Structure formats: C-alpha cells, structure tokens
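The lines below spell out each chain.
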Amino acid sequence: MDVHGDPAALTEPDGWVRTICQGCYGQCGLKVHRENGVVTEIEGDPDFPNSWGKTCAKAKAYFMSLYDPNRVRVPLRRTNPRKEIGVDPGWEEITWEEALSTIAARMKKVRAEDPRKLLIATFDWGTMETAMLWASAFGTPNIKWHGGGYFCGNALHAVSYMTNSTFHTAIDLDYCEYAVLFGSQHGFMGGVNPNLITQKMARARARGMKVVVVDPVGTNAASKADVWLPIRPGTDGALALAMIHVLVNEEGVYDAPFLKYQTNAPYLVDKNGYYVRGGDGKPLIWDAASGVPRPYDCFSGAAALRGPEKVSIDPALTGEFQVEGVSCGPAFAKLKEAVRAYTPEKAETITTLPAAQIRETAREFGRAAKIGSTIEIDGETLPFRPAAVHAYRGAFAHKHGTHTHIAIQLLNLLVGSLFVPGGAQGSDAVGPDRSWEPVPGPDGLMVTGKIHHSSVFPPSEVAPPELLELRELFPISCSVSSAVGLSLMDHRKFGIPYDPEILFVFRANPMMSRVSPEDTGRALRNIPFVVSITREFNETAEFADIVLPDTHDLERLDMFPNRFDLLPEIDSWFWGVRQPVVKPYGQARHWGEVLLELSERADFRRDFYEILNISWKLKDGCRLDPSRPYSWAEIADCRARSAFGPDKGLEWFRANGAVTRKRTVREMYPRAFLESRFPVYFEFFLNVGKDVAKLTREMGLSWDTSDYVPVPFWKPCADYREHGRGEHLYAVNYKVPFHSLSNTSDNPWLHDLTGRHPYANKVLLHTDTARARGIHTGDLVAVESVAGKVEGRAKVTECIHPEVVGISGIFGHWAKNRPVGRRDGAHFNSLLPLNLERMDPVSAAVDSCIRVKVYRA
Amino acid sequence: MKVLYLGLARHAAGCEEEEVSVPDGSLVRDLIEILGRRHGQKFARSLTNGRGGLHVGVRILLGGEDLPPEKALDIRLSNSSEVTLLILARPMAGG
C-alpha cells in the first residue's frame, strides 16, 4: 500500500500501539494495529480507564481521515488577495522555510509593537494549555476565538463553576436512580466522555434508573428515555422554575440541613437584594435557636452535616427579621417567593408541556432524591441523593441562558444533590491527593481550588475592554468566544486600543462552528495576516494567507492530553500519552512543533521555556534549559519524568500507555467534607450589573444589564411568541452520536453512515407541520431566517415538537478542496445572526433558536 | 532588587526587567504597590484583584521559587531578592 509516498513509515515495527483518540473530547483509549507502516485495525483499549474498552464510529473511521487524499500535504501561500466565501485562494506551494520565515518576521514586528495584536483560535481541547502558554510567552491574552460554539453553548461553564466549582456538570451514574436531562444527551453518546458515560448509563438503566429527557427534538437520548418531554425551544428555564415552585412551595420538599449549613440560603437579604452584613462586613444569618443574627461563618457547615455532633446554631431559612433597623429575610425565602410566579399552569403556556406532567415530574424528582438518606462507601457515611438533573447546550444556548442554567442547577442544590452518591457532579472539584479542592471565597462561597482556571467567581474586573473577547464587559462569563467575532467585526466600537494583525488558527474552523459565516468572514477579513495549521482544507483555511499541513491524530505526540475538567465521571485519575502510530503525511507537522519553531525564530524561546518550567512545575533535572532548543518529544519526555520520576519518561508511556490511580471517596463525593458554601442566591450579580451598566453608558454602548439579578427568572428569547401556537417555526440544532464539531462530516465512512441514518443531516419536521406545507420525507426543503437560508432533505416525523425544525450537525460544508459531503445538508449556524440583541448578556451565549420559514426548495 | 517580567506582565510593565528599591521588611504586596506607582494602577490591578489576592494566572517567583498564590503577597522581601512576575493568558474555556 502506498502510505502517501512516505517510505520512512515502513520502518516502524508491526504491532499494536496504545494511544488516545481525539475524535471528540472523550480522550478514549485506542489500540491501533500497524503493519508495514500502515494502520490496519483500530479498537478500544480494554485497559484504558476512561473508555472501558469501547470506541465509537469516529475512531473506527480514522482510516479515512488518515489516508484522505485531500489532506493538506505541503505549506501553501495565498495568491488571490480577495477573501470571500467561495473564492479560490489561489494556493501556491512554498517551502516550510519560506513559510516559517515569513510568519516569524510578522510576529517579530507585532511583538515589538504590541503583542496583543496576535490572536489564536484553537479548539484542540486536550492540549490547548500549551497554546495558551505559548501565547502568554509571546505576550498576547487573545486566545479565545474557539471553534466550539456548536458544542457547549457558552452558558454551560460559568454556571457550572459558580455552582459546583468545576468546568463541567455530570451525574453520578453509579448510584443515580432518577435523571432529568434538559437539552442534553448525557449518557447517550452525546456530550463529553461519551464512551464511559454511555456504558455507565446502560448499567444504571439495567438496574432500573429512570430517565426523563426534556428536548424539542426526539434525539438519541429522548428516543431511549422513559419519558420524553417535547418542550418549546428556549423555555427550559420556565420548566425548571416551575419544578422548583412545586418542590419548595407546593410540596415543601428540600434538603433543609444542607441549605442551612452548606449554602448561602440562610444569608439575610435586604429589600434591595443585598446581604445584610455585620460590622466586619460578613453576611449575617438569623439563628432561630437563639433569636439573634450571627455571622454566616459562626459554625462549620461540613461538621454540622457530618455529625454526630450538631452545632447549636439553627440558621433560619424563612421568616422576616429586623437587624439594626433593616428589614430582611433569608435568601431562601427570596427564592421561594420569586418562583411563585412559575406555577405549572403558567409554565404550560410557555413550554407547551401539560401542567400535570410538570407537577408529576417535579414530585418524582423530589421523591427520588430521598432527602435525609445516607449511604456507606469504603467506610465513609455520606448523604445519598440518587436523583439529578443535567443540562447542556439545548437548554441554555439562548438569550437568557445563564438564568436558565442557574434554575436547572438549583433543582440539584435544593434537594442536596451535588457531589454525593447518586447526585449531580462536577468534573474535578477535588484533585488527585486533594492537590486542589474548593475553598471558601468571598462571603464563604466556593471558589475552585485549581491554580489556573477559568472560574467566574469572584467575577473579573469590569473595565474598558482590552481583550478581543470583551471579557471586561462579560465579567461572569467563562467562555466568551462569541464576543470575539463581534469585536473583530468592529473592534474600535468596543474601545479595543490596538488593531488585530495576526491570527493563528489550528484545530478549529470558526467559519462553520461559529454563527453567521458572513459575519465570521468579515471578522477574518479584518485581520491582515491569517495562518491556518490544518489537516483539511476547511472553510476558515480559505481565508488564510498561509496554510501549513497539520498532523492527524494517529500521527501526533501529546503528553497528558487528558484534562480532568473535560472528563467527568471517571473512576480513576489517569495520565496518558497520545503517540504517533504512523509517520506524518506529506510534510505535516504537529502544530505544537510549529509553535516551538516559531518561538525560536521570533526570539521568545527563552520566555516560552521559562513559562513551561513554571507552569508545569518541572523539577530539577527535567527543567528546560533556555539556552538550547528542545524538540517536541524532548519536552514531552521532560514533563513525564518530572511528574512521575526518572523511570517514567516518554518511552515508558509509549510502551505502557498511562499511569492510573483510583479516585478516593473523598475525591468523588466531597460535599460532606467541604467548608466552602454552594450558592443558591447570586448577590454578586447586583454589583457586577451596576458596574457594567455604568461603564457601557460611559462608552456609549447600548447594553442590557437587566439579567444581573440574584435569583433566576425566565424571559423569552428574541424570537419567542407565546400565542399563535403552530404559526411560528423555530429552528434548533442537535447532535448525532457519530459526529463531532465540523471536522467529521467529510469523513467518507461517517458520511455514508449519515446518509443511512434517519435523523442525521436531515431537516426534521413534525408530521402536522409538514402536511400543512405539502412536504414529504426526502423533499429538498429550504429553511430561511433573518440571517440566511439553508437547504436539506426533509424527514417527516412525530418525534419533534410541532413548532420546531430540527437540524443536526455541523453539516453542509462548502470548502472547495473538501469534496466529501460538500454542499450536502443544512448548515444550522448560517441561520443565526451575530449581534448583541441575540446574545445572553451575561454569558455571551448566542441564542440558538430562531424563527424560520420552511418551504419546498 | 531585580524584578523580572514574564508573559503578559512584560507588556503591562513596558520592560523586561528593572531595579527596584524596597524598604526593609517589605512584603510582596508592598512591592506591587511600588510598581503600581511606577507603572500605573492599571499595572497593579493586572496582578491583584482588589480583594487582597492575586488574579487567576498570576505567578510570583522569589529567587526562582514559585510562591503559592494564596500566600505570595505576604512573603517578605529583601533588596537582594530577585522577583519574577508572570501573568498568563486566561485559559481557553469552552466554546
């Protein structure tokens, strides 16, 4: 077999190679068989802790992306200065030397002028940290134009950090008995860590766990659920608030001891929503046992819950009190009062779900939580709350998505279902050997203990923007990548004090994965010099000035690509290696090697090495000597030996795959041991909102700050219409299990599978909706919004809300040199405009339900 | 004492390194106050968060030793100390 004409590949010995997949976020273990330098088999690695021997279609189809004849083979330079969608860039082949010297010269100029003019866009999730450290050494903070707008929907991580101090939310499927999934396919091959979590879900279902799926589309998850609640898009917040109302106001079901001792529910709040503070500035609680106010930290919450000793303090959760002439009441009482407006009957008019169904779901959830029960695991007696809700992009990628996600997470918090067996979880609140764990921050509320994280509490400073991500105007957002596109279109409008000049794009394709390709193209045109390091000629590469060939996942070396914050529900910590199975195609190089080389040529290698030494805590003997260059493999070796000793260098990992260590009970279920408090009331929103309002007013920007309130609410999306049921259609986006982001739709095997699948890459229409428009399965239909028009093949089904048009994927790519799947299917993101009016003002999430017309094309 | 700037701290300070004189018994937080007067409060705010702590992504090394972020501001200095101030870009986080 011709291995891209690379005879060197044939020198590798035959056999199985253990490596780590990169087909999605999952970082599953793979065994790849190599014969005569060619990959001949791909299997799940049974010894890998994160995937339990399984792999999915994406990894099985690696053959086709690895041996894709349309891959970028050599460095290329653009000859056509016109950058437009569909315009041929006029590539001409250049040498690596020419490419790197050209890029380095631009970098040196920019670094001397203002390094912030350089911007990075990457979504290489396992190894993005290296890119961040490289950018830091160069001197730019602008690293946030990710390509993953399609995936998490921005409002996920900020609320996750606020409520569980980690990057992700998850469910303890080992013990859970009742799960409600809001716009989520957790456990059904959607979301993160799919191979592990789906196997855990299967076991949980086999022992009787009930699953309720809330989704306008009968997704993979909905079709396998016990109950599917086909909700109107953008109304999940109203459902969650109604469920809270049923629990706390109708049923009186909530975990009072947990709320009293481990949350801010008893903090006294005045009529303006602010905490009532003592002379030392600490929020006060009302001690019902003694009838006096006390500082919130006058007892140990964790000790009070663990018992058997109980503190004598009894923090009030309800009531009205006077503290030094100020009328006040507990935050919990404010929350209870706020949700009274969301009766199931009211929620029915918003969500279209029957009130009786809403009420029953809330009651079932409350009963399933078994409030007050305990369980013993490995000698530890822990609270047992075998019910959890989980939400993902479908629920909160909306105009007011932050508050929707807060409302959903409150369901977990109110029944005490966080970091306990059976309950909701975060990904890595407590690190290996407690190397990090949540700590009490301002007002005792939890702050993640990780040294370098992207948490939103305490919030970042409100100030005139200097970052292209406009974080200074979105201080409670974790991932503000949508705002980057906005500012790149008109950075002066936001007061950015420099002109962006260089963009590096690798393992990302903003043209497809961000909304509005037209606007994204405008943003790209505003950057004079664009470098794309890519395996395939994707849509963003067509806007590049220089394209460099990147390696395939089976050709690359990455030490420790598994980030724990992306891997919820793992039973063991593990540190592995992704290693090359075959030689790179053509002249391909790992983007990391390219960045390394550019740090040398642009004269900041010493800084880069010093920052790697510090950030990775490289020990003596493993530290990088700034006076000499290292290869990518040498750096990987130093990192491995520093972390695990001189015997466990790169070669050890190549032979053995990974170091693993079982997570302890305290690392898995830390709630009973934490002194920091979970928030159920978000007082800090008030001052952030005031600061943002003041600054944006001074800047002359029209800015909505009405979402900066401390209790959740539901407000309609821009396109929502309550009345006229059936008149309006909303397009929504959903995932299918065998595709990830935009980089799998041109894989021939996956493309073939897509064509045979009833719901992949189709335009889903409800039977009644289709009949009214004379549309039948297989018809070519147009879907048109204010932002754009796309076309795809109709699939008529009962498994979708009648007001909804379902579009999966990311499909419908259009790049010229990407022939498989080209112009095949509807590109959902083309329907969404990019503007402030359709963004969540807190998280910067783009509202992803949009009113559309549908007709036969 | 010598102060070295790494990462984003270099652009914020406008130089790679400089000599700074601090009173006997000064703490790291005193040094940052002095540097704030020299380079502007914006520079100081890029290091500390106004609640008595360091911003996320700020690392301080004393004589090459990486100081624990939660304790770094209260570490005592001498004029023979060499301090490295590193500010990292906020990490990529979600789409």
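Going by the structure above, here's the rest.
Description of the structure in this document. Because the structure is predicted, anything quoted here is derived from the model rather than measured.

The rules behind these values
- Residues numbered from 1 in each chain as written.
- Chains lettered and ligands numbered in written order.
- Predicted model: local features only at pLDDT ≥ 70, side-chain atom pairs only at ≥ 80, totals over all residues.
- Heavy atoms only, no water.
- Helix = DSSP H or I, 4+ residues; strand = E, 2+ residues; numbered from the N terminus.
- Rg over C-alpha atoms; globule rule 2.2 N^0.38 Å.
- Buried < 20%, exposed > 50% of the residue type's maximum accessible area, 1.4 Å probe, protein only.
- Contact = heavy atoms within 4.5 Å.
- Areas by Shrake-Rupley, 256 points an atom, 1.4 Å probe, with all protein chains shown as cover.
- Lys, Arg positive; Asp, Glu negative; His and termini not counted.
- Charge placed at Lys NZ, Arg CZ, Asp CG, Glu CD.
- Buried area = accessible area lost by both parts, 1.4 Å probe.
- Salt bridge = Lys/Arg side-chain N within 4 Å of Asp/Glu carboxyl O.
- Nonpolar A, V, L, I, M, F, W, Y, C, P; charged D, E, K, R; others polar.
- Axes fitted to C-alpha atoms, helices over the stretch in contact; angles between N-to-C directions.
- Parallel < 35°, antiparallel > 145°, perpendicular 65-115°, else oblique.
- Left-handed = near helix turned anticlockwise from the far one by under 90°.
- Polar contact = N/O pair within 3.5 Å; in protein donor to acceptor, adjacent residues only side chain to side chain.
- Pairing = 2+ DSSP bridges.
- Core = buried A, V, L, I, M, F, W, Y, C linked by side-chain atoms within 4.5 Å.
- Phe/Tyr/Trp six-rings, centres within 6.5 Å; stacked < 30°, edge-to-face > 60°.
- Arc of directions from axis to C-beta.
- Right-handed = clockwise from strand over helix to strand, strands pointing away.

A closer look at the overall build of chain A
Then comes step 1: Scanning chain A from N- to C-terminus turns up 26 helices and 33 strands.
Then comes step 2: Computed over its C-alpha atoms, the radius of gyration of chain A comes to 27 Å, within 12% of the 29 Å expected for a compact globule of 857 residues.
Then comes step 3: For the C-alpha atoms alone, the extent of chain A along its principal axes is close to 80 × 70 × 60 Å.
Then comes step 4: For chain A, with 857 residues in total, the buried portion stands at 67%.
Then comes step 5: Contacts in chain A between residues far apart in sequence, at least 24 positions, make up 71% of those at least 6 positions apart.
Then comes step 6: Summed over its atoms, the accessible surface of chain A is roughly 27300 Å², and 49% of this surface lies on carbon and sulfur atoms.

Describing the overall build of chain B
Then comes step 1: For chain B, the count of helices and strands is three helices and five strands.
Then comes step 2: In chain B, the succession of α and β elements from N to C terminus is β-α-β-α-α-β-β-β.
Then comes step 3: Taken against the 2.2 N^0.38 rule, which gives 12 Å for 95 residues, the C-alpha radius of gyration of chain B at 13 Å falls within 12% of a compact globule.
Then comes step 4: Over its C-alpha atoms, taken along the principal directions, chain B stretches across nearly 50 × 25 × 25 Å.
Then comes step 5: Put simply, chain B has 95 residues, and 53% of those count as buried.
Then comes step 6: Excluding contacts between residues fewer than 6 apart, the proportion of contacts in chain B whose partners are at least 24 apart in sequence is 53%.
Then comes step 7: Accessible surface computed for chain B: about 4200 Å², of which carbon and sulfur atoms make up 48%.
Then comes step 8: Distance between charge centroids for chain B: 8 Å, based on 12 positive and 12 negative side chains.

Some points on the interface of chain A and chain B
Then comes step 1: Facing the 48 residues of chain A at the interface are 24 residues of chain B.
Then comes step 2: A buried area of about 2900 Å², summed over both sides, lies between chain A and chain B, and 62% of it is on carbon and sulfur atoms.
Then comes step 3: Sorting the residues of chain A by area buried against chain B places Ile451(A), His452(A) and Ile614(A) first, and these three jointly supply 21% of that buried surface.
Then comes step 4: The interface formed by chain A and chain B contains four salt bridges.
Then comes step 5: Residue assignment for the side of chain A that touches chain B shows that the elements contributing at least two residues are strand 6 (118–122), helix 4 (128–138) and helix 20 (605–615) of chain A.
Then comes step 6: For the side of chain A that touches chain B, a count of residues per class yields 19 nonpolar, 17 polar and 12 charged.

A short note on the packing of helix 4 of chain A against helix 20 of chain A
Residue and element names in this part refer to chain A.
Then comes step 1: At a closest axis distance of 8 Å, the pairing of helix 4 and helix 20 adopts a crossing angle of 130°. As the angle between them shows, helix 4 and helix 20 are arranged oblique. The way helix 4 lies across helix 20 gives a crossing that is right-handed. Contacts between helix 4 and helix 20 pair Thr130, Leu133, Trp134, Ser136 and Ala137 from the former with Asp607, Phe608, Ile611, Leu612 and Ser615 from the latter.
Then comes step 2: Of the residues that constitute the contact of helix 4 with helix 20, the class distribution is six nonpolar, three polar and one charged.

Overview of the side chain of Arg818(A)
Residue and element names in this part refer to chain A.
Then comes step 1: Its place among the elements puts Arg818 in the loop between strand 32 (804–808) and strand 33 (850–856).
Then comes step 2: In this structure the side chain of Arg818 is engaged in a polar contact, spanning 2.8 Å, whose partner is the side chain of Glu539.
Then comes step 3: Ignoring any residue separated from it by four or fewer positions in sequence, one finds Arg818 in contact with Asn509, Met512, Glu536, Phe537, Asn538, Glu539, Ser742, Asn743, Asp746 and His813.

Observations concerning unusual backbone geometry
All names here are of chain A.
Then comes step 1: For the peptide bond that leads from Phe457 to Pro458, omega is -5°, which places it in the cis range.
Then comes step 2: Relative to the elements of secondary structure, Pro458 occurs in the loop between strand 21 (446–447) and helix 16 (481–489).
Then comes step 3: Even without being glycine, Ser165 reaches a positive phi, approximately 65°.
Then comes step 4: Unlike most non-glycine residues, Arg507 shows phi in positive territory, near 50°.
Then comes step 5: Arg507 gets classed as buried once you look at its relative accessible area, which sits at 16%.

Some details on the sheet that holds strand 10 (residues 227–229) of chain A
Two strands in a sheet stick together by hydrogen bonds in their backbones, pointing the same way (parallel) or opposite ways (antiparallel).
All names here are of chain A.
Then comes step 1: The sheet built from four strands is open, its strands ordered 10-9-8-18 with parallel pairing. The sheet is open, and its two borders are formed by strand 10 and strand 18 (387–391), each paired with just one other strand. Neighbour-to-neighbour, the strand axes of the sheet open up by a mean angle of 15°, direction not taken into account.
Then comes step 2: Strand direction decides the pairing type here: strand 8 (residues 178–182) and strand 9 (residues 210–214), joined by five bridges, are parallel. Directly across from Ala179, in strand 9, lies its bridge partner Val211.

Focus: the packing of helix 19 (residues 591–601) of chain A against helix 20 of chain A
Residues and elements named next belong to chain A.
Then comes step 1: Helix 20 packs onto helix 19 with a crossing angle of 130° between their chain directions and a minimal axis gap of 7 Å. As judged from the angle between their axes, helix 19 and helix 20 are oblique. Taking contact as the criterion, the partners of Leu596, Ser599 and Glu600 in helix 19 are, on helix 20, Arg605, Phe608 and Tyr609.

So, the pattern of salt bridges
Then comes step 1: The full count for this structure, using the stated rule, is 70 salt bridges over all chains.
Then comes step 2: Its salt-bridge partner being Arg111(A), residue Asp607(A) comes within 3.1 Å of it at the nearest N-O pair. Of this pair, Asp607(A) sits in helix 20 while Arg111(A) sits in helix 3 (residues 96–113), and the two are 496 residues apart along the sequence.
Then comes step 3: Two residues, Asp66(B) and Lys617(A), come together in a salt bridge whose shortest N-O distance is 3.7 Å. Of the two residues, Asp66(B) is situated in strand 4 (residues 65–66) and Lys617(A) in the loop between helix 20 and helix 21 (632–644); the pairing between them involves two chains.

Regarding the nonpolar core
Then comes step 1: Within the largest apolar cluster, 296 residues are counted, with the highest numbers of intra-cluster contacts made by Met107(A), Trp134(A), Phe182(A), Phe365(A), Phe504(A), Val805(A) and Ile60(B).
Then comes step 2: Of the residues forming this core, the biggest block, 10 residues, is contributed by helix 8 (residues 236–251) of chain A.
Then comes step 3: When neighbours within four sequence positions are excluded, Phe182(A) is seen to be in contact with Val214(A), Asp236(A), Leu239(A), Ala240(A), Met243(A), Val389(A), His390(A), Ala391(A), Tyr392(A), Ala395(A), Ile408(A) and Leu411(A).

Remarks on the sheet that holds strand 23 (residues 529–534) of chain A
Residues and elements named next belong to chain A.
Then comes step 1: Across the sheet, six strands lie side by side as 5-4-24-23-22-6; this open sheet has mixed pairing. The open sheet has two edge strands, strand 5 (92–93) and strand 6, and neither has a second partner.
Then comes step 2: Where strand 6 lies against strand 22 (residues 502–506), five bridges are found, and the strand directions are parallel. In the sheet register, Ala121 faces strand 22, and the bridge partner there is Val505.
Then comes step 3: Sheet strands touched by helix 19: strand 22, strand 23 and strand 24 (546–549). Its angle to strand 22, the strand with the most contacts, is close to 150°.

Here's the deal with the packing of aromatic side chains
Residue and element names in this part refer to chain A.
Then comes step 1: Following the criterion strictly, the structure yields 36 aromatic pairs over all chains and no others.
Then comes step 2: Judged by centre distance (4.8 Å) and plane angle (55°), the rings of Phe457 and Phe684 are tilted. Of the two residues, Phe457 is situated in the loop between strand 21 and helix 16 and Phe684 in helix 24 (residues 684–699); the sequence distance between them amounts to 227 residues.
Then comes step 3: The exposure class assigned to Phe457 is buried, which follows from its relative accessible area of 7%.

Considerations on the environment of Arg628(A)
Residue and element names in this part refer to chain A.
Then comes step 1: Within the secondary structure layout, Arg628 lies in the loop between helix 20 and helix 21.
Then comes step 2: Sequence separation between Arg628 and Ala112 is 516 residues; the distance between their C-alpha atoms is 23 Å.
Then comes step 3: Beyond its immediate sequence surroundings of up to four residues, Arg628 is in contact with Arg605, Tyr609 and Glu634.

Some details on helix 12 (residues 344–351) of chain A
All names here are of chain A.
Then comes step 1: Those residues of helix 12 that fall on the buried side of the exposure criterion are Pro344, Ala347, Ile350 and Thr351. Along the long axis of helix 12, the arc covered by the buried residues comes to 110°, so they all point the same way.
Then comes step 2: In the segment just after helix 12, Thr352 is the residue with positive phi, at about 70°.

A few points about the environment of His452(A)
Then comes step 1: Among the secondary structure elements, His452(A) is positioned in the loop between strand 21 and helix 16.
Then comes step 2: C-alpha of His452(A) to C-alpha of Arg654(A): the two residues are 202 residues apart in sequence and 28 Å apart in space.
Then comes step 3: Here His452(A) is in contact with Met132(A), Val56(B), Gly57(B), Leu88(B), Ala89(B) and Pro91(B), once residues within four sequence places are set aside.

Topic: the pairing of strand 24 of chain A
Residues and elements named next belong to chain A.
Then comes step 1: Taking every second residue as pointing to the same face, both faces of strand 24 are buried, with Ile546 and Leu548 on one and Val547 and Pro549 on the other.
Then comes step 2: As defined by bridge partners, strand 23 adjoins strand 24 across four bridges and the pair is classed as parallel. Bridge pairing in strand 24 places Val531 opposite Ile546.

Let's talk about the pairing of strand 8 of chain A
All names here are of chain A.
Then comes step 1: In terms of residue burial, strand 8 counts as a mostly covered element, since five of its five residues are buried.
Then comes step 2: Here strand 8 shows two buried faces, one formed by Tyr178, Val180 and Phe182 and the other by Ala179 and Leu181.
Then comes step 3: Of the crossover connections in this fold, the one passing from strand 8 over helix 6 (residues 194–206) to the parallel strand 9 is right-handed.
Then comes step 4: Both strand 8 and strand 18 contribute to a ladder of five bridges, which runs parallel. Following the sheet pairing, Ala179 is matched in strand 18 by Ala388.

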